[in-house]
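Results of the structural survey
Residues per chain, in single letters:
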Amino acid sequence: MFENLSDRLTGIFNRLKKRGALREEDVTAALREVRIALLEADVALPVVKDLVSQIREKAIGQEVLQSVTPGQMVIKIVHDHLVEALGGDTQDLNLNTTPPAVIMMVGLQGSGKTTTTAKLARLLTGKSRKKVLMASTDIYRPAAREQLATLGKQISVETLPIIEHEKPLEIIKRAHEKARLEGFDVLFVDTAGRLHIDKELMTELESLESFLKPAEIMLVADAMTGQDAVTVAGHFKDRLNLTGITLTRIDGDARGGAALSMRSVTGCPIKFVGVGEQVDQLEVFHPERIAGRILDMGDVVSLVEKAAETIDQEEAEALSKKMQSGTFTLEDMEKQLLQVGKMGGLGSLMGMLPGIGRMKDKINEAGLDDKMVSRQIAIIRSMTHQERRNAKILNASRRRRIAMGSGTTVQDVNKLLKQFTEMSRVMKQMKKLGKKGLARQGLGALFRK
Ligand SMILES: Nc1nc2c(ncn2[C@@H]2O[C@H](COP(=O)(O)OP(=O)(O)O)[C@@H](O)[C@H]2O)c(=O)[nH]1
Ligand SMILES: [Mg+2]
C-alpha cells in the first residue's frame, strides 16, 4: 500500500535543517506528494490542478511554527485549504419559503435518492416536527414508487397514493395540491434517475423544476463514483438550479475525493452524507472529516492546531497589550483555562510543549489536574461581569456567593484569586520576553503554588 502523506512529507523535509519560512523549492517538492495523494483519493484532475496552485501560493513564505516540523506545517496548510474548498461551515436544508417547501431530489440511478429522501424526511419529522409528504415520480423502474411507500411506512411519513399510468408532471401537480390543501410543511419529490445522463430525463426534470419552484434541489451522488462524479454533477448543474449535495455511501472505502470534485464543479455546498443503508444513517456534512480522510494524515492536523493555538501570535500580542495597560482580567484567565481544555487537557498539553513539560513536577506538586481546571472555570463563570473585570471588589460575601454558585468552597475561590494575582504579576514581568514566550508563560503561572 501507499505510505500516507505525512510520512512522505516528513521524508522530504527531513533534509531540511533550517527552520523559518517555507522555501519555494521545498513547497514544490511537497506539493508533488500532495498532488499524488489527491489523485489517489479520486479527486478529479482539473480540480487537483486548481487546488495545488492555490495551496502553493498560500504555503510559500509561511513561517513554520515552533514544535512542529515543516512537513507537518505543509499538511496543515493543505488541510485548511481543503476544508475551505469543501465549503467551510456545515449547511442546513433551506425551508425558507411559503409552505409547502419543495425539496426535489435528483441524481443518477442507484445513487441513493429514494433512501436519502426517507432519511431527510425522518430528520424533519423528528427533530424539527415538520409535517412531511413524499412523492415519487419514478414511473420507469418497477416498484420504485412502492420502495418509497414502504420506507414511508417505516418512518411514519405519509407518501402520495400511487395512481397507475400517471405521468411525472401529473404526479407532482397532485402532490403539490395535496400538500397545499392539507397543510404540509415540506414536500419531497423523489425523481427518477438513469444509469447515465440523458436528454429526455433532463428535460423532464427541468419541467418538474419549473412547476415546483423548489426551495432545494438536492443532487444525490455516490461517493464511490470518483472521477465520474465531476461529469455527472456538471450536467445536472447545467440544467437545474442545484442548491445542495448529499454524498452517499461515505461508509464505503471511498476516500472522499468525489466530495471535493462535486463541490468544486457545482459550487454547491455538500449538506449531508449517507453513512449506511438504514434510515437513521445520515449525517450533517463536516468538511474536516472529509479533508482528513482525503489526506489520511492521522493526528498531524490536530497536533499543529494545538501548537498553533498555544503560540498563537495574535492572541499573545493582544494579551501583551493588556498586560502593558494593566487590564488583564479574570475573563482573560478564563480564556486561558478554556484553551487548556481545548488542547485536550493538561496531560496532552504537557506532551506537546517543551516549556510545559519542564513544569511537570510543579504541576504534580500543586495537585493540578483537569478537574481543577474545570472547577476554576466554574468559579469564574459564577462571577458577575463586573467582578470578572475588576477582581478587587471581591469581598468576603461575594466570595461566599461565588463558592455556592460554583459548587466549590471559599478556599477554592481564594486559591483561584491568588493564582490570578500571581498570574498578573508574572505576566507583567514576562513582558520583556516577547510575544512567543508570553502565552506559554501565562499558562505557566498557573502552575506556581
Ligand atoms: N452503504 C450505503 N448504502 C446506501 C446509502 N444510501 C443508499 N444506499 C443503498 O444504495 C442502493 C440504492 O439506493 P436508492 O435509494 O434506491 O437509489 P436511487 O436509485 O437513487 O433511488 C440501496 O440498496 C440503498 O440501500 C448509503 O449512504 N450507504
Ligand atoms: Mg429511487
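About the thresholds
- Each chain has its residues counted from 1, following the order in which its sequence is written.
- For naming, the first written chain is A and the first written ligand is 1, with later ones following in the order written.
- Totals for whole chains, interfaces and linings use all residues, but because this is a predicted model, local features are given only for residues with pLDDT of at least 70 and pairs of side-chain atoms are given and counted only at 80 or more.
- Partly exposed residues are those whose C-beta has more than 12 but fewer than 20 other C-beta atoms within 10 Å; 20 or more makes a residue buried and 12 or fewer makes it exposed, with C-beta atoms placed from the backbone.
- Strands here mean DSSP runs of E at least two residues long; helices mean DSSP runs of H or I at least four residues long; both are numbered from the N terminus.
- Two strands qualify as a pair provided DSSP detects at least 2 bridges between them.
- Here, nearness is defined through the C-beta atom: a residue counts as near a molecule or strand if that backbone-placed atom lies within 6 Å of it.
- Each residue gets one of three labels, nonpolar for Ala, Val, Leu, Ile, Met, Phe, Trp, Tyr, Cys and Pro, charged for Asp, Glu, Lys and Arg, and polar for the others, Gly among them.
- Given the number of residues in a helix, its expected span is that number minus one, multiplied by 1.5 Å.
- A pair of residues counts as a contact when their C-beta atoms, built from backbone coordinates, are separated by no more than 7 Å.
- Axes here mean lines fitted to C-alpha atoms, for a helix over just the part in contact, with angles spanning 0 to 180 degrees between N-to-C directions.
- Throughout this description, any angle smaller than 35 degrees is read as roughly parallel, any larger than 145 degrees as roughly antiparallel, any in the 65 to 115 degree range as roughly perpendicular, and the remainder as oblique.
- By the definition used in this description, the sense in which the near helix is turned from the far one sets the handedness, with an anticlockwise turn below a right angle giving left-handed and a clockwise turn giving right-handed.
- The term nonpolar core refers to a group of buried residues, namely Ala, Val, Leu, Ile, Met, Phe, Trp, Tyr and Cys, whose C-beta atoms join them within 7 Å.
- Where each domain starts and ends comes from a domain assignment, either automatic or drawn from a database.
- pLDDT measures the predictor's confidence residue by residue and takes values from 0 up to 100.

Turning our eyes to something else, we now look at the pairing of strand β4 (residues 186-190). A large share of β4 lies buried, amounting to 5 of its 5 residues. The alternating pattern of β4 places V186, F188 and D190 and L187 and V189 on opposite faces, both of which are buried. Looking at chain direction, strand β1 (residues 101-106) and β4 are connected through 5 bridges and run parallel. Within β4, the position partnered with I103 by the bridge is F188. Across 5 bridges, the pairing between strand β2 (residues 132-136) and β4 is parallel. For A135, the partnering residue across the bridge sits in β4 and is V189.

On to the site of ligand 1. Near ligand 1, the surroundings consist of 17 residues, among which G112, K113, T114, T115 and G274 are the closest. The element best represented in the shell around ligand 1 is helix α5 (residues 113-126), accounting for 3 residues. Of the residues belonging to the shell around ligand 1, the class tally is 2 nonpolar, 11 polar and 4 charged.

Taking 1.5 Å per residue, 14 residues should reach 20 Å; α5 reaches 20 Å between its end C-alpha atoms and fits that length. Among the 14 residues in α5, 11 count as buried, and that is most of the element. Turning to α5, its buried residues number three or more, namely K113, T114, T115, T116, T117, A118, K119, L120, A121, R122 and L124.

We now examine the sheet that holds strand β5 (residues 216-222). As summarised here, the arrangement of the 8 strands in space is β3-β2-β4-β1-β5-β6-β7-β8, forming an open sheet in which the pairing is mixed. Strand pairing shows two members of the sheet lacking a second neighbour, β3 (158-159) and β8 (282-284), which therefore form its edges. Sheet analysis places strand β7 (residues 270-274) next to β8, joined by 3 bridges and oriented antiparallel. Considered in β8, the bridge of F272 is made with V284. Along the sheet, α5 contacts β1, β2, β4, β5, β6 (244-248), β7 and β8; its crossing angle with β4, the most-contacted strand, is approximately 170°. Contacting β5, β6 and β7, helix α10 (residues 257-266) crosses the sheet at an angle of about 165° to β6.

Glancing now at the environment of A85. If you trace the backbone, A85 turns up in helix α4 (residues 70-85). Spatially, the C-alpha atoms of A85 and L260 are 7.2 Å apart, while their sequence positions differ by 175 residues. Not counting residues within four places of it along the chain, the set of residues in contact with A85 comprises L51, L260, R263 and S264.

Before going further, it helps to spend a moment on the packing of helix α2 (residues 24-40) against helix α3 (residues 45-59). One can describe the packing of α2 onto α3 by two numbers: an axis separation of 10 Å at closest approach and a directional angle of 150°. The angle between α2 and α3 places the two elements in the roughly antiparallel class. Of the two possible hands of crossing, α2 and α3 adopt the one that is right-handed. Of α3, the residues touching α2 (which contributes V27, L31, V34, R35, L38 and L39) are V48, L51, V52, I55, R56 and A59. Each residue belonging to the contact of α2 with α3 can be placed in one class, and the counts come to 10 nonpolar, no polar and 2 charged.

This part is about the pairing of β1. Taking burial as the measure, the 6 residues of β1 include 6 buried ones, the bulk of the element. Burial along β1 is two-sided: the residues A101, I103 and M105 and V102, M104 and V106 are all buried.

The next thing to look at is the nonpolar core. Looking at soluble globular proteins, one finds that nonpolar side chains tend to be buried together. With 88 residues, the main nonpolar core has I103, L187, F188, V189 and L247 as its most contacted residues. With 7 residues, α4 is the largest single contributor of residues to this core. If you count residues domain by domain, this core takes at least three from each of domain 1 (5-89) and domain 2 (101-285). Excluding residues that lie within four positions of it along the chain, V189 makes contacts with V102, M104, M105, A135, T137, I172, A175, L208 and L212. Ranked by size, the runner-up nonpolar core spans 11 residues in total, among them M333, V413, L416 and F420.

Within the fold, V220 resides in strand β5. Classification of V220 as buried rests on a count of 27 C-beta atoms within 10 Å. Taking the C-alpha atoms as reference points, V220 and G274, 54 residues apart in sequence, are found 9.6 Å from one another.

Every α-helix carries 3.6 residues per turn, so stepping three or four residues along brings you back to the same face. The terminal C-alpha atoms of α4 lie 22 Å apart, and with 16 residues this matches the ideal 22 Å at 1.5 Å per residue to within 8%. Within α4, 12 of the 16 residues are buried, which leaves the element mostly enclosed by the surrounding structure. Phi turns positive, to about 115°, at G87, one or two residues after α4.

This paragraph deals with the packing of helix α7 (residues 168-181) against helix α8 (residues 199-212). Close contact between α7 and α8 brings their axes to 10 Å; oriented N to C, the two are set at 20°. When the axis of α7 is compared with that of α8, the two are roughly parallel. Taken as a pair, α7 and α8 cross one another with a handedness that is right-handed. Facing P168, L169, I172, K173 and H176 of α7, the residues of α8 in contact are E204, S207, L208, F211 and L212. For the contact of α7 with α8, a count of residues per class yields 6 nonpolar, 2 polar and 2 charged.

This next bit is on the confidence of the model for the protein. With 74% of its residues at a pLDDT of 70 or more, the protein has an overall mean of 80. Throughout residues 348-359 the model reports pLDDT below 50, and contacts reaching past four residues in sequence, or to other chains, amount to 19 contacts. Counted against residues more than four places away or in other chains, residues 434-449, with its pLDDT under 50, gives 48 contacts.

Before going further, it helps to examine unusual backbone geometry. Between P99 and the following residue, P100, the backbone shows a cis peptide bond with an omega angle of 0°. On the secondary structure map, P100 appears in the loop between α4 and β1. Unusually for a residue other than glycine, A143 sits at a positive phi of about 65°. Of note, A143 is situated in the loop between β2 and α6 (144-155). Among the residues examined, A143 registers 10 C-beta atoms within 10 Å and is labelled exposed.

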